[in-house]
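What follows is each chain in one-letter form.
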Amino acid sequence: MIAWLAALALLSPAPEADDGPWRQLIDFNPTAEQPDGTSLFLLEADMLPQGTPRSWDTRTARHVWVNHGAVVGSQAWTVIDSAFDCAGGAVTQTVRAYDAGGRLLGQAEPNEDSHPVPHSAEHMVWDAVCMGSPYLYDKPVVSTLADATADAATGDGLTEPADQLQWDVDYDGQPDIIRIHMRPHSMRHDVEFILAKDPTRPINVITAEQPPTGPLVERRIRPLERDRYLTACAMDQGVDVTPCEAGYRFVQRGVEVVTEGHPTIIVWLVNGEPHVARLPMAD
């Protein structure tokens, strides 16, 4: 435990624009057929030096996910500082999300004790930090974080939001119907999932109350793909939960609820149970 705490204490603060070089572990090249994807960069100084025997120690590392194409809640790139237990686990200490212009959207300190899944991107980072597999040293290198994030998503590829859409949220190969409604009297917004496998039992999710002051806002939805997102707060019954804690959530398919000038809200189902969270928004 003392070793873990010492490693976490050594993790670096916010990234500087000129730190590097960065090793590109995953190189995504957008195409017309597949415009959306993610590249992965690891700070080269955090890689196990080439030719060094594998490590069994706790090592710290910083890696960056860069989104291309569509982007949810303006989260164009994400910096993750971790302490890796080279015997098989990792603790994520700090996660920071930025927009395409480099503005900090928010941060979370989930401290997740996890074991990298073989053949996953996270396992590739662990491999570079703890094992030093030879093939990783042939990956391309960029000089600075600015170079690594130069092609980050700007949101140009986003689908136009709508009041209703068809989207296979439960992965059964059938398009489901998702709607957003403004309820009479309360004027709150609810999201309704009508699953193709059971259309007679819609799932209604109380999503967002109206702001306490000012004019009524209109909200629309667009598809949300399964991924990890930095969340500012979980929501329940249309409002933030108490206490409000930022997180780095793994989210299943669902919908992104968007309103110009207001934070994005995401709604998704896990085994039929709804989850709602608010994403951070730049000042």
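Everything numeric in this text was worked out from a predicted model, so none of it was measured. (Residues numbered from 1 in each chain as written. Predicted model: local features only at pLDDT ≥ 70, side-chain atom pairs only at ≥ 80, totals over all residues. Heavy atoms only, no water.)

Enquirer: Please explain the pattern of salt bridges as it appears in this structure.
Expert: A side chain of one charge can pair with a side chain of the opposite charge when the charged atoms of the two come close. In this structure the tally under the stated criterion is 15 salt bridges. For Asp81, the salt bridge identified is with Arg96, shortest N-O distance 3.2 Å. Placement of Asp81 in strand S4 (residues 77-85) and of Arg96 in strand S5 (residues 89-98) is noted, with a sequence separation of 15 residues between them. You can call Asp81 buried: its relative accessible area is 2%. Because the salt bridges share partners, they merge into one network encompassing Asp19, Arg62, Asp81 and Arg96. (Salt bridge = Lys/Arg side-chain N within 4 Å of Asp/Glu carboxyl O. Helix = DSSP H or I, 4+ residues; strand = E, 2+ residues; numbered from the N terminus. Buried < 20%, exposed > 50% of the residue type's maximum accessible area, 1.4 Å probe, protein only.)

Enquirer: Hey, could you run me through the nonpolar core in this one?
Expert: Generally speaking, a soluble globular protein has its nonpolar side chains buried in company with each other. Of all hydrophobic cores here, the largest spans 25 residues; its most connected members are Leu25, Leu42, Phe84, Val125 and Val129. Sorting the residues of this core by element identifies strand S2 (37-43), strand S3 (58-68), S4, S5 and helix H2 (121-131) as the ones contributing at least two each. Sorting elements by how many residues they give to this core places H2 first, with seven residues. Counting residues in each nonpolar core, the second largest holds 19 residues, with Ile180, Phe193, Ala208 and Val276 among its members. (Core = buried A, V, L, I, M, F, W, Y, C linked by side-chain atoms within 4.5 Å.)

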